[in-house]
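Letter by letter, the chains look like this.
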Amino acid sequence: MRDAATVLSIIRERGKRGLPLEDIYRQLYNPELYLYAYARLYSNDGAMTQGVTHETVDAMSLKKIETIIDAVRHERYRWTPVKRIYIPKKNGKMRPLGIPSWSDKLLQEVIRLILEAYYEPQFSDHSHGFRPERGCHTALTQVKETWTGTKWFLEGDITQCYDCIDHQVLLTILREKLHDNRFLRLLDHLLQAGYVEDWRYHKTLSGTPQGSIVSPILSNIYLDKLDKYVETILIPQYTRGKQRRQNGPYFALMKKASKRRKKGERKEARELTKQAQQLPTVDPNDPNYRRLYYIRYADDTLFGCAGSKEEMEEIKQRLSEFLRDTLKLDLSQEKTLITHARTEAARFLGYEIVTQHNDQKRDRSQHRNLNGHIGLRLPNDVIEK
């Protein structure tokens, strides 16, 4: 048997090249992958937490791995329902969380390793949630460093995203690149394993189980369709022009100031320069210049637009239609907000995001160096807490 690192590197290379992945189910016979998965799980706090059975990481052995592999090999492996508990959310509400049995955790981690190795090279650079070497900081850094000139923000809010993921749509997306029916059947059974709450069994007709090890990677595969739609359709259509045209009134005043300076009328030149510096150097309403920016962290999305509010309304409508028609998800019309970047603030990953403007902030050459740049502010309610 090949060691885990070799297997995952081969799978990762196929992902980089965009080749379909075949014969995946046989990789679940490799005990090296289970040992690698065990090394990643055993020290977690939840390793000793019981699901619907009494099984935990305690008394883990090679024989247990052999038992799982034997059941998988003969397609006898049966996922146990997760035990549902509730944990508090920041807004005071409760979030459902599913706790799998230990054997399910181990097999799920093997599946997650395979899926991550294959799909990670293909995921969008605009996606930052539940990905290696990415997170809140990389998402916020991308917004801060590349969204200069944004006039409008759109905070996308998908209604109960994880609970509403359609199983058949997800399997169809997986089937596009994973050419192994046994592997897909195993995932389908996992999605339908159900949950136990107050000792009563409930079916799961949609959604990925929160608390499940494979849930984050499956949701990223699902929402990657949204990323690709934004990248290939929306961004090209709402992006044009290399740079904004010059602002005529600004340069007219600066030209007058230059003439007065040459004539020795320094006081008048300074006054004209001050007037000019109250105006932008480029035309903020240039119809031939547009930019659309996009970022996603898990199910939280944020759009930035250098354009008009009407265009942002249009983007919101098209986004809603795509989610409904393609992914069978609903965009919350009440919580999906359009905010003016200079006079209001968008909320994303716990920060208020604004486009800064201050004509008095200058560099050593007396050039304005703040206007149009993105600022991250800590909200007052967060400071109070």
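Please refer to the structure higher up on the page.
Residues numbered from 1 in each chain as written. Predicted model: local features only at pLDDT ≥ 70, side-chain atom pairs only at ≥ 80, totals over all residues. Heavy atoms only, no water.

1. A closer look at the packing of aromatic side chains
What counts, and what does not: Between 30 and 60 degrees the pair is tilted, below 30 it is stacked and above 60 it is edge-to-face, where a pair is any two Phe, Tyr or Trp rings, Trp via its six-membered ring, whose centres lie within 6.5 Å. The rule is simple: take the accessible area with a 1.4 Å probe, protein chains only, and divide by the maximum for that residue type; under 20% is buried, over 50% is exposed, in between is partly exposed. In this analysis the charged atom, NZ for Lys or CZ for Arg, is taken to sit over a ring once it is within 6 Å of the ring centre and within 35 degrees of the ring normal.
The tally for this structure, following the rule as stated, stands at 12 aromatic pairs. Aromatic side chains Tyr-250 and Phe-251 sit 4.9 Å apart centroid to centroid with 90° between the ring planes, which places their arrangement in the edge-to-face category. A relative accessible area of 11% means that Tyr-250 is categorised as buried. Residue classification places Phe-251 among the partly exposed residues on the basis of a relative accessible area of 35%. Through a chain of ring-to-ring contacts, the aromatic side chains of Tyr-38, Tyr-42 and Trp-102 assemble into a single cluster. Stacked on the ring of Tyr-29, the Lys or Arg Arg-73 has its end atom at 4.5 Å from the ring centre.

2. A few points about the nonpolar core
Considering soluble globular proteins, one finds that nonpolar side chains tend to be buried as a cluster. Condition: Here, nonpolar core means buried Ala, Val, Leu, Ile, Met, Phe, Trp, Tyr and Cys residues that are tied together by side-chain atoms lying within 4.5 Å of each other. Secondary structure is summarised from DSSP: a helix means a run of H or I of at least four residues, a strand means a run of E of at least two, and numbering begins at the N terminus for each. By definition in these notes, contact holds between two residues if any of their heavy atoms fall within 4.5 Å.
Ranked by internal contacts, the top residues of the largest apolar core, which has 95 residues, are Leu-28, Tyr-34, Ile-111, Leu-174, Leu-178 and Leu-327. It is helix α4 (residues 102–119) that contributes the most residues to this core, 11 residues altogether. Other than its neighbours up to four places away in sequence, Leu-327 contacts Val-169, Ile-173, Tyr-222, Leu-223, Lys-225, Leu-226 and Phe-322. Counting residues in hydrophobic clusters, the runner-up holds 5 residues, among them Tyr-250, Leu-253, Ala-257 and Leu-272.

3. Things to note about the pairing of strand β2 (residues 82–88)
Rules: Strands are labelled as partners when DSSP assigns at least two bridges between them.
Pairing geometry for β2 and strand β6 (residues 195–197), over 2 bridges, is parallel. Looking at β6, one finds that Val-82 is bridged to Tyr-195.

4. Let's talk about the sheet that holds strand β11 (residues 346–348)
The cut-off we apply is this: To get an axis, fit a line to the C-alpha atoms, keeping to the stretch in contact for a helix; angles then go from 0 to 180 degrees between the N-to-C directions.
Taken in spatial order, the 3 strands of this open sheet run β11-β12-β13, and their pairing is antiparallel. Strand pairing shows two members of the sheet lacking a second neighbour, β11 and β13 (374–377), which therefore form its edges. For this sheet, the mean angle separating the axes of adjacent strands, direction not counted, is 35°. Examined bridge by bridge, strand β12 (residues 351–355) and β13 share 4 bridges and lie antiparallel to one another. In the strand pairing of β13, Glu-352 is matched with Arg-377. Seen against the sheet, helix α5 (residues 136–146) touches β11, β12 and β13 and runs at an angle of roughly 140° to β13.

5. A look at a nonpolar patch on the surface
Operational definition: Patches here: salt-bridge-free residues with over 30% relative accessible area, like charges joined within 9 Å, nonpolar side chains (Val, Leu, Ile, Met, Phe, Trp, Tyr) joined within 5 Å. In short, Shrake-Rupley with a 1.4 Å probe defines the accessible areas, and a residue's cover is counted only from the protein chains shown. Note on definitions: salt bridges are taken to be side-chain nitrogens of Lys or Arg within 4 Å of carboxyl oxygens of Asp or Glu.
Residues Tyr-351, Leu-378, Val-382 and Ile-383 make up a contiguous nonpolar surface patch of about 330 Å² in total accessible area. Relative to the helices and strands, Ile-383 resides in helix α12 (residues 380–384). Classification of Ile-383 as exposed rests on a relative accessible area of 54%.

6. Quick look at helix α9 (residues 248–262)
What counts here: To estimate the expected span of a helix, subtract one from its residue number and multiply by 1.5 Å. The arc refers to the directions leading from the helix axis to the C-beta atoms.
Taking 1.5 Å per residue, 15 residues should reach 21 Å; α9 reaches 21 Å between its end C-alpha atoms and fits that length. What α9 keeps buried is the set Tyr-250, Leu-253 and Ala-257. Relative to the axis of α9, the buried residues are bounded by an arc of 70° and lie together on one face. When the buried face of α9 is taken as reference, the exposed residues oriented beyond 90 degrees from it are Lys-255, Lys-259 and Lys-262. Once α9 finishes, Gly-264 follows within two positions and takes phi at roughly 85°, a positive value.

7. Considerations on the pattern of salt bridges
Side chains carrying opposite charge are able to pair once their charged atoms draw close together. Tallied over the full model, the rule gives 18 salt bridges. For the salt bridge of Asp-23 with Arg-26, the shortest nitrogen-to-oxygen distance reads 3.7 Å. The class of Asp-23 is partly exposed, set by a relative accessible area of 40%. The partner of Arg-112 in a salt bridge is Glu-109, with the nearest N and O atoms 2.9 Å apart. On the criterion of helical spacing, the pair formed by Arg-112 and Glu-109 is a turn pair, its members being 3 residues apart in helix α4. Grouping residues by exposure puts Arg-112 and Glu-109 together as buried.

Bear in mind that shape data such as this cannot, by itself, settle questions of function.
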